[in-house]
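In case you want the letters, here they are:
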Amino acid sequence: MSDIIQLLPDHLANQIAAGEVIQRPASAVKELLENAVDAGATSVQLIIEDAGKALVQVIDNGKGMSATDARMAFERHATSKIKSIEDLFNIRTMGFRGEALASIAAVAQVELKTRRAEDELGTRIFIENSKVTDQEPVNHPVGTSIAMKNVFFNVPARRNFLKSNSTELRNIIDEFTRVAMAFPNVQFTMHSNGQQVFFLEKGSAKQRIVQLLGNQYNAKLVAINDDTDYMVIRGFIGKPDTARKTRGDQYFFVNNRFIKSAYLNHAVTNAYDNLIAKDSYPSYVLYIDLDPTEVDINVHPTKQEIKFTDEKIAYAFVQAAIKHGLAQFSLSPSLDFSL
Ligand code: ADP
Ligand code: MG
């Protein structure tokens, strides 16, 4: 019998790997918005057609790419963000795995336009099935535009698996909300089928939160502001009377990254103690910053799960910060600090 093991062709390997990173149009929204922020953009536009099934486009005014980097960016494990294992444990950017653009290029048609300040002409590239089909110099403002078209056009099983437009659009708005909430100092806009959905000027965290979650929060937030050597915790929690029977608006950002943590959620809920009914959920938007070496974000490809080096300490700090905020609130309920 002859040997039977073969290496997968690159394109097939990319398509398989893409499944972890790009599950639906909203996954591309997250990755492209994060790339824009990593590129130092102060203004980011998201354009959606047909709930992202036809088009997800992100236009930024960040630092742009050279013609060579524009090609390189679509290779697997190609990144400008880390060089060594030490960097991995000291990460300050949203990205670092070098997988997003390669994954998108494996499952969609992509048009990239980009220019750096030092280049007179920019670059336009078309990619399909992970291959550059066309590349030419173009006039373009400084920054980058990436358009992902007809996602899963070449993976019918995945295309069929996509949900209704209203569900896919909801997922997109959720991802947009998370990134926009993490970076209130960046202007974000979103259009869907030619209609403006969001226009978010740069501003304070409180302004951004109220713009995204609704005016009902305007006079209903308690400021959290705890500074220690280990951790800085800022943000807002809902006044006790905003707690609801259904899981409401709950956001944790650790070093600007939206994360899900049942553990930290427990710390917050616990801190409300008898101020809210046992079976109700508080609302919160908390920005937690700490030394990147104290957290491992490389637990999952979407980076929504993280591990604190010391979970117990993290729990205790979060709980204390919330208790502190609530105590100040009960002393003088009208007190309000903005970020
Ligand atoms: P990662 O973000 O993990 O590095 P990506 O596949 O998302 O991987 O992007 C690959 C590389 O392409 C990035 O490291 C960056 O150098 C470049 N890049 C991607 N998007 C942009 C952008 N909007 N502006 C400038 N450079 C970008
Ligand atoms: Mg990225």
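About the cut-offs
- All residue numbers refer to positions counted from 1 along the written sequence of the respective chain.
- All chains are assigned letters beginning at A, and all ligands numbers beginning at 1, according to the order in which they are written.
- Note on the predicted model: pLDDT of at least 70 is required for a residue's local features to be given, and 80 or more for side-chain atom pairs to be given and counted; whole-chain, interface and lining totals, by contrast, use all residues.
- UniProt positions are given in the numbering used here, feature names are shortened, and annotations may be inferred rather than shown by experiment.
- Residue ranges labeled as domains rest on an automatic or database domain assignment.
- Any two residues are considered in contact once their C-beta atoms, placed from the backbone, lie within 7 Å.
- Labels follow the DSSP assignment, with helices taken as runs of H or I lasting at least four residues and strands as runs of E lasting at least two, numbered in each case from the N terminus.
- Any residue that is not Ala, Val, Leu, Ile, Met, Phe, Trp, Tyr, Cys, Pro, Asp, Glu, Lys or Arg is counted as polar, Gly included; the first ten are nonpolar and the last four charged.
- Counts of 20 or more other C-beta atoms within 10 Å of a residue's own C-beta define buried residues, counts of 12 or fewer define exposed ones, and intermediate counts define partly exposed ones; C-beta atoms are placed from the backbone.
- Two strands are said to pair when DSSP picks up at least two bridges between them.
- The term nonpolar core refers to a set of buried Ala, Val, Leu, Ile, Met, Phe, Trp, Tyr and Cys residues connected through C-beta atoms within 7 Å.
- As a rule, any residue with its backbone-derived C-beta atom within 6 Å of a molecule or strand is reported as near that molecule or strand.
- All axes are obtained by fitting lines to C-alpha atoms, using only the stretch in contact for helices, and the reported angles, taken between N-to-C directions, cover 0 to 180 degrees.

By the naming in an unreviewed UniProt entry, the chain is DNA mismatch repair protein MutL, taken from Polluticaenibacter yanchengensis. The record held by UniProt for the chain lists under Function (unreviewed entry) the comment "This protein is involved in the repair of mismatches in DNA. It is required for dam-dependent methyl-directed DNA mismatch repair. May act as a 'molecular matchmaker', a protein that promotes the formation of a stable complex between two or more DNA-binding proteins in an ATP-dependent manner without itself being part of a final effector complex." Under the Sequence similarities (unreviewed entry) heading, UniProt states for the chain: "Belongs to the DNA mismatch repair MutL/HexB family."

(A) Main features of the domain arrangement of the chain. Once the domains are mapped, the chain shows domain 1 (10–200) and domain 2 (213–331). Taken residue by residue, the interface counts 13 residues in domain 1 and eleven residues in domain 2. Top element by residues in the side of domain 1 that touches domain 2 is helix α7 (residues 165–182). It accounts for three residues. Residues of the side of domain 1 that touches domain 2, tallied by class, amount to eight nonpolar, one polar and four charged.

(B) Structural detail: unusual backbone geometry. Positive phi values are uncommon outside glycine, yet Asn-193 reaches one of about 45°. Summarising the element assignment, Asn-193 is placed in the loop between β7 (187–192) and β8 (195–200). Look at Asn-193 and you get partly exposed, because 14 C-beta atoms sit within 10 Å. Of note, the phi angle at Asn-255 is positive, near 45°, even though the residue is not glycine. Mapped onto the fold, Asn-255 is located in the loop between β11 (250–254) and β12 (257–259).

(C) Structural view of the environment of Asp-296. By the secondary structure assignment, Asp-296 is in strand β14 (residues 295–296). Contacts of Asp-296, omitting those with residues within four sequence positions, involve Ile-306 and Lys-307.

(D) How the structure looks around the pairing of strand β5 (residues 131–138). When you tally the buried positions in β5, you get zero out of eight residues, a small fraction of the element. Sheet topology note: the strand β4 (residues 122–128)/β5 ladder contains seven bridges and is antiparallel. Bridged to Thr-123 within β5 is Pro-137. The antiparallel pairing of β4 with β5 creates a hairpin that spans two residues between the two strands, and Asn-129 there sits at a positive phi of about 50°.

(E) Geometry of the nonpolar core. Val-29, Leu-33, Ile-104, Phe-176, Leu-286 and Ile-288 are the most contacted members of the largest nonpolar core, which totals 93 residues. Here this core takes eight residues from α7, the largest share from any one element. Lining this core are residues from two domains, each supplying at least three of them: domain 1 (10–200) and domain 2 (213–331). If we ignore the near neighbours within four places in the chain, the residues touching Phe-176 are Val-29, Leu-33, Leu-46, Met-190 and Phe-198.

(F) A look at the site of ligand 1. Residues in contact with ligand 1 amount to 24 residues; listed here are only the nearest, Asn-35, Ala-39, Ala-73, Thr-79 and Gly-95. With four residues, the top contributor of residues to the shell around ligand 1 is helix α2 (residues 25–38). Partitioned by chemical class, the residues of the shell around ligand 1 number nine nonpolar, eight polar and seven charged.

(G) Spotlight on the sheet that holds strand β13 (residues 284–290). If you walk across this open sheet you meet the five strands as β9-β10-β13-β11-β12, and the pairing is mixed. With partners counted over all chains shown, the strands left at the sheet margins are β9 (221–227) and β12, one partner each. The sheet shows a mean angle of 20° between the axes of neighbouring strands, direction not considered. Bridge count between β11 and β12: three bridges; the pairing is antiparallel. Counted as the bridge partner of Phe-252 is Ile-259 from β12. The strands touched by helix α8 (residues 205–213) within the sheet are β9, β10 (231–238) and β13, with β10 carrying the most contacts at an inclination of about 40°.

(H) How the structure looks around the pairing of β4. Extensive coverage of β4 is indicated by the burial of five of its seven residues. Two strands pair when backbone bridges link them, and strand β3 (residues 109–115) and β4 are joined in this way by five bridges, in the antiparallel orientation. Bridged to Val-110 within β4 is Ile-127. Taking the residues between adjacent antiparallel strands as the criterion, β3 and β4 are bridged by six residues.

(I) Quick peek at the sheet that holds β7. Strand order in the open sheet made by the eight strands is β5-β4-β3-β6-β2-β1-β7-β8, with mixed pairing throughout. Edge strands, defined here as strands with exactly one partner in the open sheet, are β5 and β8. Shown here is a sheet whose adjacent strand axes are inclined to one another by a mean of 10°, direction ignored.

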